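Close look at the chain arrangement
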Amino acid sequence: MTSGGLPAASTLAVAEPHHLATADHGAPEPLLEIRGLSVDYGDGQGAVHAVDRVDLVIRRGEALGLAGESGSGKSTLAHAITRLLRPPAHVTGGEVLFYPRRSGEVVDAVDVLQLTKAQLRRYRWEHVAVVFQSAMNALNPVVDIRSQLTDALRAHRPDMKKADRYAKAEELLDLVGVSVDRLRSYPHQLSGGMRQRVMIAMALALEPDLIVMDEPTTALDVVTQRQILEKIEDLRRELSFAYLFITHDLSLLLDIANAVAIMYAGRVVEIGSSQRLYEHAAHPYSQGLLQSFPPLSGPRRTLSGIPGFPPDLRALPSGCPFNPRCAHAMDICRVEYPPSTLLVEPGSTRHVVTCWRYASGHSEPPLVKADDG
Amino acid sequence: MADPTAPIRLDPTGTSVSQREWQRTDPILHVESLRKYYPVQDQSIRSVVSRRRVVRAVDDVSFDLYAGASLALVGESGSGKSTVGRAVARLERPTSGEIVFKGTRAGSWRRSVLRRYRSDVQLIFQDPYASLNPVHTVAYHLERPLRIHHLVSSRKEARAQVLSLLEQVHLTPADQVIDKLPHELSGGQRQRVAIARTLAVQPSVLIADEPVSMLDVSVRLSVLNLLSDLVRKKELALLYVTHDIASARYFTERMLVMYAGEIVESGPAEAVTQQPAHPYTQLLVAAAPDPEQSLRSGRRTVRATGENPSLINPPSGCRFHPRCPHAMDVCRRERPPKFAVDETRWSACWLLSGSEAKAGASPNAAVRSQSASSVTPPSALATAQERLEEPTSWSVAHD
Ligand SMILES: Nc1ncnc2c1ncn2[C@@H]1O[C@H](COP(=O)(O)OP(=O)(O)OP(=O)(O)O)[C@@H](O)[C@H]1O
Ligand SMILES: Nc1ncnc2c1ncn2[C@@H]1O[C@H](COP(=O)(O)OP(=O)(O)O)[C@@H](O)[C@H]1O
Ligand code: SF4
Ligand code: SF4
Ligand SMILES: [Mg+2]
Ligand SMILES: [Mg+2]
């Protein structure tokens, strides 16, 4: 149990979760704080540093997006914070602090990475739930939807009566917009969109504080995807859970999340509100990503994209791993990993970028830094 | 006739493509009333008489492809886009319909003609991982079609050709790429090899089925740029099959919107995405991620309802009617014909049967409901509609 040196957890009300108000007024409570987390696949020379010294805070009640190219470490991070890593993956450093709240008060943070098996069972369902991409594989093909929905309740709420569990299952299905006459259906009888909704219903069963969703809608078409995302957003406002939404589709994240973190080669390189990132992305990689997808509306602009290819995580370039693809690379970029800089974001103190361009004394900072004014 | 004063639009590569230009020339490929039905097993054990049932994957689809121009085919998953692609590439035999390629009708094709057609009309697949054989080098993949089609006479010539193909798809230095195995290439590089392979046989039509959806966001753009460069430089006709309507806006001139096996709207890509006329297109545009819209003018809620339609028992009349907020009686009874939205666009929706076309409808604005009684198009529109429905290349089709 780590609590030394933690920022004083505020018990102030959660900031209005609407996207424009991702503001930090009143410092929203952290819910999960990832500190210096590193995860490798394998050991020694051949080790893949899939997650590398990541710092990231998920706040209570927020919709946080995590974007990055394939192989940037998003899923590995999701597995690490839910303790679902399987060998050869292993945590090589850092901590994942979870701030539980009892009767409205935040109590001592717990380090998720130190939880015992029994504690972990509770953590995983009651506090943190997961929705992964392949809902078909995640659902048990030979068990009907109602049993799958009530399984978690049976395990975690042993006092609950059977009739109440069934009623709860109906309520959950209704909540995610699947007709209750599907309760006795088997997964294969449902469409991909319905299965994904059932997965979300299961995640909601024990009213968790955080739902981690890894590419939950990637396999669905845009209309179904929109239906599900709107449902999740309605539920978040109603039940005030937070979610971490992982996808490679940055345009989708900017569309739905309050704040977005950008990952590159195992590192979080920038975080800021959706609005801020869309209008003033600071990291050259984030800027490149924004220049990579054609906008559906608004004026047609020339898209510059990102030159080159994602790096091999076993043989990362020294210094900033983005330097071979970066138009702004300086000498120092090839030598030393850049420090993180806090940039001024109106109404928020969250815009953080990890790039030498913004480190004092290295280059004219293109954006105002927090300590400058 | 297209408006001669119509502004010249710029495609992302900077070429100017005016509406007039592509309407003046004859299409390279004309597809008329294409249908593809797949037989299905009747699931119900109780039916004593085994009924023949079919999935109407593609039902009466017509379009033209022009040299040096791209056409997008967009729609939700299961709408039949890939089936159109496969049927047009003649990987599958259409159930009915006409394909007229450079003036020759498909019905009369001998095997040799079909073989020639299959090299003229090339398909690029979604999955660059599955489309290359893992045990063979890049050189092997590109030399094979050259040899099969007798396009080279010596190994030396083959190698030179392969190097040139790799350069055309910007896989440079080509002499370093040529001997690599697929697993040594990234997804984007593999897709370039797949594109180079289709170019080997000097096709005039490319059908690209979700060519970038399996690639990383950061490399999608370069592959799409490559395709659109090739369209321009090699005067290829491109059918770009995708569910990504935003990329279709950027990389194609014209767009077809498909729903439940049918084309529901057709027109210039910019107009279709910016002022969609058909309620389904409006839904598609509204549902697509669009930070420009949501971060500048506030987030929108789409509240889409309904499920993908059955293609075995498609809804009567307009297939979109169970999900359409504007559905009227006539929509349930009769299949809407193509109504002109303006001179370059049509939409198969009864809402347009009334007086003026709703060309100015914004993606989210509801197209005004018309009373079900006024289904006869006014004469001016009727002429436009007849013109649109007239098979433009019938005249050039000869056996
Ligand atoms: N079982 C494994 N063994 C070895 N390396 C692995 C394993 N699983 C993942 N990796 C590597 O870890 C890195 C990060 O993988 P991860 O799946 O977390 O990325 P991601 O951002 O989720 O990518 P995607 O968008 O493709 O899912 C990649 O380089 C990947 O190749
Ligand atoms: N070989 C086949 N047998 C039966 N049904 C098929 C076959 N191929 C496609 N279909 C059906 O045709 C419809 C359209 O499929 P497809 O062309 O793959 O759509 P899209 O590419 O838009 O996803 C779907 O309902 C699909 O299930
Ligand atoms: S640290 Fe240097 S190389 Fe890395 S993104 Fe910033 S400017 Fe580019
Ligand atoms: S024809 Fe009727 S049901 Fe179909 S899209 Fe138009 S208004 Fe809707
Ligand atoms: Mg992943
Ligand atoms: Mg398809």
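Calculation criteria
Residues numbered from 1 in each chain as written. Chains lettered and ligands numbered in written order. Predicted model: local features only at pLDDT ≥ 70, side-chain atom pairs only at ≥ 80, totals over all residues. Heavy atoms only, no water. Domains from an automatic or database assignment. Contact = heavy atoms within 4.5 Å. Buried area = accessible area lost by both parts, 1.4 Å probe. Salt bridge = Lys/Arg side-chain N within 4 Å of Asp/Glu carboxyl O. Polar contact = N/O pair within 3.5 Å; in protein donor to acceptor, adjacent residues only side chain to side chain. Helix = DSSP H or I, 4+ residues; strand = E, 2+ residues; numbered from the N terminus. Nonpolar A, V, L, I, M, F, W, Y, C, P; charged D, E, K, R; others polar. Pairing = 2+ DSSP bridges. Core = buried A, V, L, I, M, F, W, Y, C linked by side-chain atoms within 4.5 Å. Buried < 20%, exposed > 50% of the residue type's maximum accessible area, 1.4 Å probe, protein only. pLDDT = per-residue confidence, 0-100. Expected span 1.5 Å × (residues − 1). Near = heavy atom within 4 Å. Areas by Shrake-Rupley, 256 points an atom, 1.4 Å probe, with all protein chains shown as cover. Phe/Tyr/Trp six-rings, centres within 6.5 Å; stacked < 30°, edge-to-face > 60°. Axes fitted to C-alpha atoms, helices over the stretch in contact; angles between N-to-C directions. Parallel < 35°, antiparallel > 145°, perpendicular 65-115°, else oblique. Left-handed = near helix turned anticlockwise from the far one by under 90°.

1. Re the domain arrangement of chain B
Residues and elements named next belong to chain B. Splitting chain B by domain gives domain 1 (29–39 + 53–256) and domain 2 (279–388). At the junction of the two partners, domain 1 supplies 14 residues and domain 2 supplies 14 residues. Between domain 1 and domain 2 lies a buried interface of about 1,100 Å² when both sides are counted; carbon and sulfur atoms form 50% of it. When the area that domain 1 buries against domain 2 is broken down by residue, the three leading residues are Arg 56, Glu 76 and Ile 245, summing to 44%. Among the ionic pairs, Arg 323 bridges to Glu 76, the shortest N-O distance being 3.2 Å. The tally of links between domain 1 and domain 2 comes to 5 residue pairs in polar contact (both at pLDDT 80 or more). Per element, the largest residue contribution to the side of domain 1 that touches domain 2 is 8 residues, and it comes from strand 4 (residues 53–65). Residue composition of the side of domain 1 that touches domain 2, grouped by class: 5 nonpolar, 4 polar and 5 charged.

2. Topic: the pairing of strand 3 (residues 29–40) of chain B
Residue and element names in this part refer to chain B. With 10 bridges connecting them, strand 3 and strand 4 associate as antiparallel partners. Across the sheet, the residue bridging to Lys 36 is Val 58, located in strand 4. Note that strand 3 and strand 6 (residues 96–101) share 5 bridges and pair antiparallel. Within strand 6, the residue paired with Arg 35 across the bridge is Ser 96.

3. Here's the deal with the nonpolar core
One recurring pattern in soluble globular proteins is that nonpolar side chains are buried together. Counting 77 residues, the largest nonpolar core has Leu 166, Ile 195 and Met 255 of chain B as the members making the most contacts within it. Looking at this core, you find at least three residues from each of domain 1 (29–39 + 53–256) and domain 2 (279–388) of chain B. Setting aside chain neighbours within four positions, we find Met 255 of chain B in contact with Leu 71, Ala 72, Val 74, Ile 245, Ala 248, Arg 249, Glu 265, Ser 266, Gly 267, Ala 269, Val 272 and Thr 273 of chain B. Ala 63, Leu 139, Ile 145 and Cys 326 of chain A belong to the second-largest nonpolar core, a separate cluster that totals 60 residues.

4. Regarding the confidence of the model for chain A
Looking at chain A, pLDDT values average 82 and 86% of them are 70 or higher. No element of chain A has a lower mean pLDDT than helix 3 (residues 135–138) of chain A, which averages 63, and none a higher one than strand 11 (residues 259–264) of chain A, which averages 96.

5. Side note on helix 5 (residues 162–175) of chain A
With 14 residues, helix 5 of chain A ought to run about 20 Å at 1.5 Å a step, and its terminal C-alpha atoms sit 20 Å apart, in line with that. With its phi angle positive at about 80 degrees, Gly 177 of chain A sits one or two positions after the end of helix 5 of chain A.

6. A short note on the site of ligand 1
Residue and element names in this part refer to chain A. In the neighbourhood of ligand 1, the contacting residues comprise Tyr 41, Ala 50, Glu 69, Ser 70, Gly 71, Ser 72, Gly 73, Lys 74, Ser 75, Thr 76, Glu 215 and Leu 313. Here an oxygen atom of ligand 1 and a backbone polar atom of Gly 73 are 3.2 Å apart. For ligand 1, an oxygen atom lies 2.6 Å from a polar atom in the side chain of Ser 75. Summarising the interface, the protein chains cover 60% of the accessible area of ligand 1, which totals 630 Å² for the free molecule.

7. Concerning the packing of aromatic side chains
Residues and elements named next belong to chain A. The final tally for this structure, using the stated rule, is 10 aromatic pairs over all chains. When the ring of Tyr 285 is compared with that of Phe 322, the centres are 5.3 Å apart and the planes differ by 65 degrees; the resulting orientation is edge-to-face. Taken together, the residues Tyr 285 in helix 10 (residues 284–290) and Phe 322 in the loop between helix 10 and strand 13 (340–345) connect sequence positions 37 residues apart. Judged by its relative accessible area of 2%, Phe 322 is buried.

8. A look at the packing of helix 4 (residues 145–156) of chain A against helix 6 (residues 192–204) of chain A
Residues and elements named next belong to chain A. Interaxial distance between helix 4 and helix 6 falls to 8 Å at its minimum, and their mutual angle equals 25 degrees. One finds that helix 4 runs roughly parallel with respect to helix 6. As helix 4 packs across helix 6, the resulting crossing turns out to be right-handed. Where helix 4 abuts helix 6, its residues Ile 145, Gln 148 and Leu 149 lie against Val 198, Ala 201 and Met 202. Residue composition of the contact of helix 4 with helix 6, grouped by class: 5 nonpolar, 1 polar and no charged.

9. Regarding the pattern of salt bridges
Tallying each qualifying case throughout the model produces 36 salt bridges over all chains. Among the salt bridges present, the one from Arg 35 of chain A reaches Glu 33 of chain A, with a minimum N-O distance of 3.2 Å. We classify Glu 33 of chain A as buried; its relative accessible area is 10%. Salt bridges sharing partners connect three or more residues here, namely Arg 35, Arg 56, Asp 59, Asp 60, Glu 262, Arg 319 and Arg 335 of chain B.

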